[in-house]
Structure formats: structure tokens, C-alpha cells
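Reading the structure
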Amino acid sequence: MLINKKNVVRMKVPFPGINSALAQSSHMYICMREGSDKKFIKCQTQKPQHLHKKKRPYCYVSESADVSRNPFKNTTIIDCDKEFLLSNLVIDRDLITTRRPDVCEELFIEVKSKSDENSDLEFEDIDPDDICSVNEKIKKIN
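Procedures and definitions
Residues numbered from 1 in each chain as written. Predicted model: local features only at pLDDT ≥ 70, side-chain atom pairs only at ≥ 80, totals over all residues. Heavy atoms only, no water. Helix = DSSP H or I, 4+ residues; strand = E, 2+ residues; numbered from the N terminus. Rg over C-alpha atoms; globule rule 2.2 N^0.38 Å. Buried < 20%, exposed > 50% of the residue type's maximum accessible area, 1.4 Å probe, protein only. Contact = heavy atoms within 4.5 Å. Areas by Shrake-Rupley, 256 points an atom, 1.4 Å probe, with all protein chains shown as cover. Expected span 1.5 Å × (residues − 1). Arc of directions from axis to C-beta. Polar contact = N/O pair within 3.5 Å; in protein donor to acceptor, adjacent residues only side chain to side chain. Salt bridge = Lys/Arg side-chain N within 4 Å of Asp/Glu carboxyl O.

1. Points about the overall build of the protein chain
The secondary structure content of the protein chain amounts to three helices and nine strands. When the helices and strands of the protein chain are read in sequence order from the N terminus, they spell out β-α-β-β-β-β-β-β-α-β-α-β. For 142 residues, the compact-globule estimate of 2.2 N^0.38 gives 14 Å, and the C-alpha radius of gyration of the protein chain, at 14 Å, lies within 12% of that figure. With respect to the three principal axes, the spread of C-alpha positions in the protein chain is 40 × 30 × 25 Å. Buried positions account for 46% of the 142 residues belonging to the protein chain. In the protein chain, the share of contacts with a sequence separation of at least 24, taken over all contacts with a separation of at least 6, comes to 67%. Carbon and sulfur atoms make up 47% of the accessible area of the protein chain, which amounts to about 7,800 Å² in all.

2. Some words on helix H2 (residues 105–117)
For H2, with 13 residues, the first-to-last C-alpha span of 18 Å sits near the 18 Å given by 1.5 Å per residue. Taken together, the buried positions of H2 are occupied by Leu107, Phe108, Val111 and Ser115. Looking down the long axis of H2, one finds its buried residues gathered within 100 degrees of arc, a one-sided arrangement. Seen from the buried face of H2, the exposed residues on the opposite side, beyond 90 degrees, are Glu106, Asp116 and Glu117. The inward-facing, buried residues of H2 abut strand E2 (27–33), strand E3 (37–45), strand E4 (60–63), strand E5 (76–79) and strand E6 (82–87).

3. Describing unusual backbone geometry
With an omega of 0 degrees, the peptide bond between Phe15 and Pro16 qualifies as cis. By the secondary structure assignment, Pro16 is in the loop between strand E1 (8–11) and helix H1 (21–24). In the Ramachandran plot, Lys6 falls in the positive-phi region, its phi being about 85 degrees despite a non-glycine side chain.

4. Things to note about the side chain of Asn70
Mapping Asn70 onto the fold places it in the loop between E4 and E5. Overall, the relative accessible area of 0% leaves Asn70 in the buried class. Polar side-chain contacts of Asn70 include one of 2.9 Å to the backbone oxygen of Ser64. Beyond its immediate stretch of four places on either side in the chain, Asn70 contacts Glu63, Ser64, Ala65, Arg100, Asp102, Val103 and Leu107.

5. What about the environment of Pro16?
Overall, Pro16 belongs to the exposed group, its relative accessible area being 71%. For Pro16 and Glu124, which are 108 residues apart along the polypeptide, the C-alpha to C-alpha distance reads 8.9 Å.

6. A closer look at the pattern of salt bridges
Under the counting rule described, the total for this entry stands at nine salt bridges. Where Lys6 meets Glu105, a salt bridge forms, and the shortest distance between an N and an O atom there is 2.9 Å. One end of the pair, Lys6, is in the segment before E1; the other, Glu105, is in helix H2, with 99 residues separating them in the sequence. Of the charged contacts in the structure, one is a salt bridge between Lys137 and Asp94, with a shortest N-O distance of 2.9 Å. In this pair, Lys137 sits in the loop between helix H3 (128–134) and strand E9 (138–140) while Asp94 sits in the loop between strand E7 (89–91) and H2, placing the two residues 43 residues apart along the sequence. Exposure remark for Lys137: the relative accessible area of 31% places this residue in the partly exposed category. If you follow the salt bridges from partner to partner, you end up with Glu63, Arg69 and Glu106 in one network.

Below is the structure:
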């Protein structure tokens, strides 16, 4: 089975490199596009520095924990400044969050609109070998 749009997965992303903080521990990401070329947006627990305009992310959705809407346990910042592109990979469904497998349609539309409207949106192509090396449940498509 494939990861679908709106699913939330826990994975390590080797950005900006294989030794970065994102590559060392799992974070939650919302799948924004399905198929062999997937796009993901990062989610992180809201911290005090997120409340300052000069700190990234600049464009984000703040979402309270609510199992009827999302799988988050704390108020979470959904970063609409950057999308991670993963191509020709199979992401095991075991990486989908367990409290709830996805975000609700309303939240998905809000996040998609915010990122679509962001003229400074960055796209980061993630090296398939690097992401596979830090996530045993992600495999390259042969």
C-alpha cells in the first residue's frame, strides 16, 4: 500500500545534509502529493522562537493538538516555507502516525493554500540514497 495525500509520516530527512539535525531524529511530515514524486511539509512542536517574525518559518499554520483534526500531541507549526521532494521511493506505511493517520480535509486545504500562496516557497530535492540510509523503512524503486 502507498502513502496517500494527507497522511502524516514520521521520518528522518537528511537536510541540509546527512549529518543534520533533521537526519538524526524523526519528525512528522504531511504528504502533499502522492505518486512516485511525493512532496512533504514538515511539522514541529511550536516553540517560543516561532512566535517571533524574524525566525523561520515565516509562512506557517499553527495547529492545536486535536485528534479529530490531526495526530499531533502538542500545538504544532506546519512549515509552509519549504517542501521536501522525494522521488522514486517506497515509503512503508509503518511510518504513518498511529494516533491518527492523516490530517483532516479542512487542515490539508489550509496548509496547501498557504504553501501555494507563498511566493518564497522553497523546494528541496532529497537524495534517495541519503534518505534510505537514515530510514530503514524507505526503499528506492528499482
